[in-house]
Amino acid sequence: MDCIFCQIVAGKVPSEILYQDEEVIAFRDINPQAPTHLIIIPKRHIPSFAHLSEAESPLIGHMVNIANQLAKGEGISGSGYRLAMNCGEEGGQLVPHLHLHLLGGRRLSDKLG
Ligand code: AMP
Ligand code: ZN
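What you see is a predicted model; the values in this text were computed from it and never measured.

### Considering the sheet that holds strand E2 (residues 24-28)
Strands pair in a sheet through their backbones, by hydrogen bonds, and they do so in one of two ways: parallel or antiparallel.
Phase 1 of the analysis: Strands sit in the order E1-E2-E3-E5-E4 across an open sheet of 5 strands; the sheet is antiparallel. Edge strands, defined here as strands with exactly one partner in the open sheet, are strand E1 (17-20) and strand E4 (81-84). When the angles between neighbouring strand axes are averaged without regard to direction, this sheet yields 15°.
Phase 2 of the analysis: Inspection of the sheet shows E2 paired to strand E3 (residues 36-42) by 5 bridges, in the antiparallel sense. By the bridge assignment for E3, Arg28 is matched with Leu38.

So, in structure tokens, the structure goes:
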């Protein structure tokens, strides 16, 4: 098991976990790009959202719902925030375990890349 996010799920790598349930876990990004930078992942190893079957797509809805709740908890619900998912090398995905970034707490660039 060499996936860093699977190791966080297994408790083998420490992280600041803010939420978890049977399906997903959310923790603070170790290298935050904004005052709030959280990572929401499925507990099960899925390499990217390109690997999601249609039957698994409700998982993304669940992750978005958790992200919205966490944004409220971080106090950025009103000021605004960004949810981002990078997919594959040219999409900027470094960790090959599907994840949703929640970024906020400052004005984010209007550029998408
Ligand atoms: P991506 O480029 O979309 O694959 O983003 C991966 C994110 O995971 C980056 O923002 C990293 O800072 C973050 N990250 C990598 N390792 C850890 C870790 N051990 N704990 C928390 N966040 C991490
Ligand atoms: Zn993994």
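### Comments concerning the coordination of the zinc ion (ligand 2)
Angles between donor atoms at a metal ideally measure 109.5 degrees for a four-coordinate tetrahedral arrangement and either 90 or 180 degrees for a six-coordinate octahedral one.
Phase 1 of the analysis: Distances from the zinc ion (ligand 2) to its protein donors, Cys3 (SG), Cys6 (SG), His45 (ND1) and His97 (ND1), fall within 2.0 to 2.3 Å.
Phase 2 of the analysis: What the 4 donor atoms of the zinc ion (ligand 2) show is an angle range of 106 to 117° at the metal, which sorts the shape as tetrahedral.
Phase 3 of the analysis: Residue His97 is classed as buried on the basis of its relative accessible area, which comes to 0%.

### Here's the deal with the environment of Leu103
Phase 1 of the analysis: Its place among the elements puts Leu103 in strand E5 (residues 100-104).
Phase 2 of the analysis: Exposure remark for Leu103: the relative accessible area of 12% places this residue in the buried category.
Phase 3 of the analysis: A sequence separation of 22 residues divides Leu103 from Tyr81, and the C-alpha atoms of the two residues are 5.6 Å apart.
Phase 4 of the analysis: Setting aside chain neighbours within four positions, we find Leu103 in contact with Gln33, Ala34, Thr36, His37, Tyr81, Arg82 and Leu108.

What counts, and where the lines are drawn
- Residues numbered from 1 in each chain as written.
- Chains lettered and ligands numbered in written order.
- Predicted model: local features only at pLDDT ≥ 70, side-chain atom pairs only at ≥ 80, totals over all residues.
- Heavy atoms only, no water.
- Pairing = 2+ DSSP bridges.
- Helix = DSSP H or I, 4+ residues; strand = E, 2+ residues; numbered from the N terminus.
- Axes fitted to C-alpha atoms, helices over the stretch in contact; angles between N-to-C directions.
- Donors = N, O, S within 2.8 Å, 3.2 Å for Na, K, Ca; no water.
- Tetrahedral: all angles 85-135°; square planar, octahedral: opposite > 155°, others 65-115°.
- Buried < 20%, exposed > 50% of the residue type's maximum accessible area, 1.4 Å probe, protein only.
- Contact = heavy atoms within 4.5 Å.

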